[in-house]
Amino acid sequence: AMIILRGKLMVLLEEQRAADVSELRGDMVKAEWGQQIRNYVFHPYKMVKDVRTGEETSDVAAVMDGDLNSFIFAFLRHRSRDSTETANEP
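Residues numbered from 1 in each chain as written. Predicted model: local features only at pLDDT ≥ 70, side-chain atom pairs only at ≥ 80, totals over all residues. Heavy atoms only, no water.

**Student:** Requested: an account of a nonpolar patch on the surface, with residues and values cited.
**Tutor:** On the surface, a cluster of nonpolar side chains totalling about 400 Å² of accessible area is made up of Leu9, Met10, Leu12 and Leu13. Mapping Leu12 onto the fold places it in helix α1 (residues 2–25). (Patch = residues over 30% accessible without salt bridge, like charges linked within 9 Å, V, L, I, M, F, W, Y side chains within 5 Å. Areas by Shrake-Rupley, 256 points an atom, 1.4 Å probe, with all protein chains shown as cover. Salt bridge = Lys/Arg side-chain N within 4 Å of Asp/Glu carboxyl O. Helix = DSSP H or I, 4+ residues; strand = E, 2+ residues; numbered from the N terminus.)

**Student:** Got a sec to walk through the confidence of the model for the protein chain? Specific residues and values, please.
**Tutor:** Considering every residue of the protein chain, the mean pLDDT works out to 87; 92% of them sit at 70 or more. Here helix α3 (residues 69–88) stands out as the least confident element of the protein chain, with mean pLDDT 86; strand β3 (residues 56–57) is the most confident, with 96. (pLDDT = per-residue confidence, 0-100.)

**Student:** Before we move on, can you summarise the pattern of salt bridges with the specific residues and values?
**Tutor:** Taken as a whole, this structure holds 3 salt bridges when the rule is applied. With a closest N to O distance of 3.9 Å, Arg17 and Glu14 form a salt bridge. In this pair, Arg17 and Glu14 both sit in helix α1, 3 residues apart, roughly one turn of the helix. The closest approach of N and O atoms between Asp50 and Arg52, which form a salt bridge, is 3.2 Å.

**Student:** Pulling in residues and values, what's your account of the packing of aromatic side chains?
**Tutor:** As enumerated under the stated definition, the model contains 0 aromatic pairs in all. Its guanidinium or amino end placed over the ring of Phe71, Arg38 lies 5.4 Å from that ring's centre, counting from NZ or CZ. (Phe/Tyr/Trp six-rings, centres within 6.5 Å; stacked < 30°, edge-to-face > 60°. Lys NZ or Arg CZ within 6 Å of the ring centre and 35° of its normal.)

**Student:** Could you give an account of α1, naming the residues involved and the relevant values?
**Tutor:** The end-to-end C-alpha separation of α1 is 35 Å, in line with the 34 Å expected for 24 residues at 1.5 Å each. Of all 24 residues in α1, 0 are buried, a share of ten percent or less. Looking one or two residues beyond α1, the residue adopting positive phi is Gly26, at roughly 80°. (Expected span 1.5 Å × (residues − 1). Buried < 20%, exposed > 50% of the residue type's maximum accessible area, 1.4 Å probe, protein only.)

Below you can see the structure in the form of C-alpha cells.
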C-alpha cells in the first residue's frame, strides 16, 4: 500500500512541477513559417518589416547592429492601442 501511495504522490508532484514550468514559460508559439515577428529582406532591395505593427525601415544594417528602437516604440504604441480598444468594449 505504501508503494502505491508513493507512486501517486510522485505523479501528483510531477504534474504540479509541469504546471509550474508551463506557467513560467507562458504561451509558447512554434517557430515556423507564418509565425515570425519581423521580415528581413537583403536582396534585391533592403527592408526590415515588423509584421505585427507594420513598422518598416530600409536601414537593415542598423537593425542588424541592434538598433530596434523604432520597432520597440511601434510595438508599445500597438499594444497600448489594443489595450485601450479592449478597455472601451462593453
